[in-house]
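Residue-level listing of the chains:
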Amino acid sequence: MIRRQRLAAGLGALLAALTAGLAFPAGAVADETTAMAPKVDLVIDVSGSMRAKDIDGQSRMAAAKQAFNEVLDATPEEVQLGIRTLGANYPGDDRKTGCKDTAQLYPVGPLNRTEAKTAVATLTPTGWTPIGPALLKAADDVQGGEGSKRIVLISDGEDTCAPLDPCEVAREIAAKGIGLTIDTLGLVPNAKMRAQLSCIAEATGGTYTSVEHTDELTDRVNQLVDRAADPVVVPVATEGAAECAKAPTLKSGLYTDREEFGQERWYRVDVKPGQELRAAVSVAADRAVSPHYGVLLRAVTVHDREIVRGEAAGTGRTDVISTGLRYPKAESDDENAPAETVCLQVTHSFAGAAGVKAAPGLPLELTVDVVDGPSDASDVASFGLGRGWWLLGALIVAGFLAGLVWGWLSRWRVAVWRTN
């Protein structure tokens, strides 16, 4: 009897331990899944101008509601979605109060489609257009987690709450380095509204779309929500120094920073013998700049001796300019040879137009990859040509032989002509 009781107790303890052991990983996986979930905040303009009936015979507000309902039905399960309004609650003329009129209609999180649709159905065009304040609040709505973050702003007019310029607000949000993208959609846009919404989107690497029909609005918002669910690599925010000695040490990865006009940024990377450093940098013009500019990426030693550089120039045809470099460090016979500290210097020659603010700096994206260096001699660059050296050699020999043959034929033809 005692043995049976002990056996039963032992089996019970074993089952309990197994249950606890299985339950913990499941909880850990669930937490990890939640942390990596993409977040989208739909920011809708509910100002008085949304009453205008110029989208497929219905009001702009009605078109937005119809589009929202279809988007909510099609939202992927893994996306955490929320809805924020601007200009939905205050109908008065007090500017100070009107410019605070932004509220979270539906919190960012797991989507309950019925509740979200019910909340959207209550919206009525009301007040002001505080785009800047709404963007600041929306950035807080999607904070936390490691998944992609996206704000989709739908508006039919310019911000009415300057001097809190929404374009400057977007630049400040991008400067925080939280990997947040703002996409904008303009309903029946004019030139000034198009310029403002485009500036907001460009500041964070987002897109601007003009919309004049309900189906266009539905399709575009669906695309943006689906895009949020795609796996992305979120850059890590870093802050380069004014000199190598004070620069942060980076490992392989994708980094984002800001660099003002006339500044330079320094970073450090440790490269062991037998490894190769590959680095690339992109600088984007998120404001009005002069039409001629360039970017320079240098790898130097801690004693300021240049190892290699990459540079590129532009003439105003693109808002992003990129360059890169490679540095293979030779093998060492000493197995305990220390890593070499390589200093990366980033400078650009963008110049702001008159009245353009220097801060925050232009967005900079730096890719660092430290990999095992080439082990085969054929993989090592030969005179800067890599494996293409043999082709160049063959062309040189072929050209030389062709020249000899052509010269002999020419002399023969001349001799025949003189003879005849």
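The rules behind each value
- Residues numbered from 1 in each chain as written.
- Predicted model: local features only at pLDDT ≥ 70, side-chain atom pairs only at ≥ 80, totals over all residues.
- Heavy atoms only, no water.
- Helix = DSSP H or I, 4+ residues; strand = E, 2+ residues; numbered from the N terminus.
- Buried < 20%, exposed > 50% of the residue type's maximum accessible area, 1.4 Å probe, protein only.
- Contact = heavy atoms within 4.5 Å.
- Areas by Shrake-Rupley, 256 points an atom, 1.4 Å probe, with all protein chains shown as cover.
- Expected span 1.5 Å × (residues − 1).
- Polar contact = N/O pair within 3.5 Å; in protein donor to acceptor, adjacent residues only side chain to side chain.
- Core = buried A, V, L, I, M, F, W, Y, C linked by side-chain atoms within 4.5 Å.
- Salt bridge = Lys/Arg side-chain N within 4 Å of Asp/Glu carboxyl O.
- pLDDT = per-residue confidence, 0-100.
- Pairing = 2+ DSSP bridges.

Student: Help me get a handle on the overall build of the protein, residues and values and all.
Tutor: A tally of helices and strands in the protein yields 9 helices and 15 strands. Burial analysis of the protein (420 residues in total) assigns 42% to the buried set. Sequence separation of at least 24 residues holds for 74% of the intrachain contacts in the protein that already meet a minimum separation of 6. Approximately 22600 Å² of the protein is accessible, and the part contributed by carbon and sulfur atoms is 56%.

Student: Which residues make up helix α8 (residues 214-229), and what values do they have?
Tutor: With 16 residues, α8 ought to run about 22 Å at 1.5 Å a step, and its terminal C-alpha atoms sit 23 Å apart, in line with that. The set of residues buried in α8 consists of Thr214, Leu217, Thr218, Arg220, Val221, Asn222, Leu224, Val225 and Ala228. Looking at the buried side of α8, the elements it contacts are β1 (39-45), α2 (60-74), β2 (80-86), β4 (149-155), β5 (180-187) and β6 (208-211).

Student: Can you tell me about the side chain of Asp286, naming the residues and giving the values?
Tutor: Relative to the helices and strands, Asp286 is located in the loop between β10 (275-284) and β11 (293-300). Separated by 3.0 Å, the side chains of Asp286 and Arg258 make a polar contact. Ignoring sequence-local partners within four residues, the contact set of Asp286 consists of Arg171, Cys199, Glu202, Ala203, Arg258, Leu362 and Pro363.

Student: Can you explain the side chain of Ser47? Please cite residues and give values.
Tutor: You can see Ser47 is positioned in the loop between β1 and α2. Here Ser47 falls in the buried class, since its relative accessible area comes to 1%. Not counting the four nearest positions on each side in its chain, Ser47 is found in contact with Leu86, Gly87, Pro125, Thr126, Gly127, Trp128, Thr129 and Asp156.

Student: Describe in detail the nonpolar core, supporting the description with residues and values.
Tutor: With 32 residues, the main nonpolar core has Leu42, Ile44, Ile154, Leu185, Leu217, Val221 and Val225 as its most contacted residues. For this core, the secondary-structure elements that each account for two or more residues are β1, α2, β2, α4 (113-121), β4, β5 and α8. At 7 residues, the largest contribution of residues to this core is made by α2. In this view, Val225 contacts Val40, Leu42, Val71, Thr75, Pro76, Val79 and Leu81; residues no more than four positions away in its chain are not counted.

Student: Would you mind going over the pattern of salt bridges in detail, with residue names and values included?
Tutor: Tallied over the entire structure, the rule returns 19 salt bridges. Here Asp183 makes a salt bridge to Arg150, at a shortest N to O gap of 2.4 Å. With Asp183 in strand β5 and Arg150 in strand β4, this pair connects stretches of sequence that are 33 residues apart. As far as the burial class goes, Asp183 and Arg150 line up, both buried. Arg278 is the partner of Glu276 in a salt bridge, and the nearest nitrogen-oxygen pair spans 2.7 Å.

Student: Please provide a residue-by-residue account of the environment of Pro76, values included.
Tutor: When you line up the elements, Pro76 lands in the loop between α2 and β2. The class of Pro76 is buried, set by a relative accessible area of 19%. Placed 153 residues apart in sequence, Pro76 and Ala229 show a C-alpha to C-alpha distance of 7.4 Å. Residues within four places of Pro76 in sequence aside, it is in contact with Val225, Asp226 and Ala229.

Student: Could you give an account of the confidence of the model for the protein, naming the residues involved and the relevant values?
Tutor: Of the residues in the protein, 87% reach a pLDDT of 70 or more, and the chain-wide mean stands at 85. Throughout residues 1-24 the model reports pLDDT below 50, and contacts reaching past four residues in sequence, or to other chains, amount to 0 contacts. Within the model, pLDDT remains below 50 along residues 377-386, and this stretch shows 8 contacts once partners closer than five positions in the same chain are excluded.

Student: Go over the sheet that holds strand β13 (residues 320-328), please, and point to the residues and values.
Tutor: Strand order in the open sheet made by the 5 strands is β7-β8-β15-β10-β13, with mixed pairing throughout. Taken across any chain shown, the strands that pair with only one partner, and hence form the sheet edges, are β7 (236-237) and β13. Across 2 bridges, the pairing between β7 and strand β8 (residues 253-259) is parallel. Counterpart to Val236 in the pairing with β8 is Tyr255.

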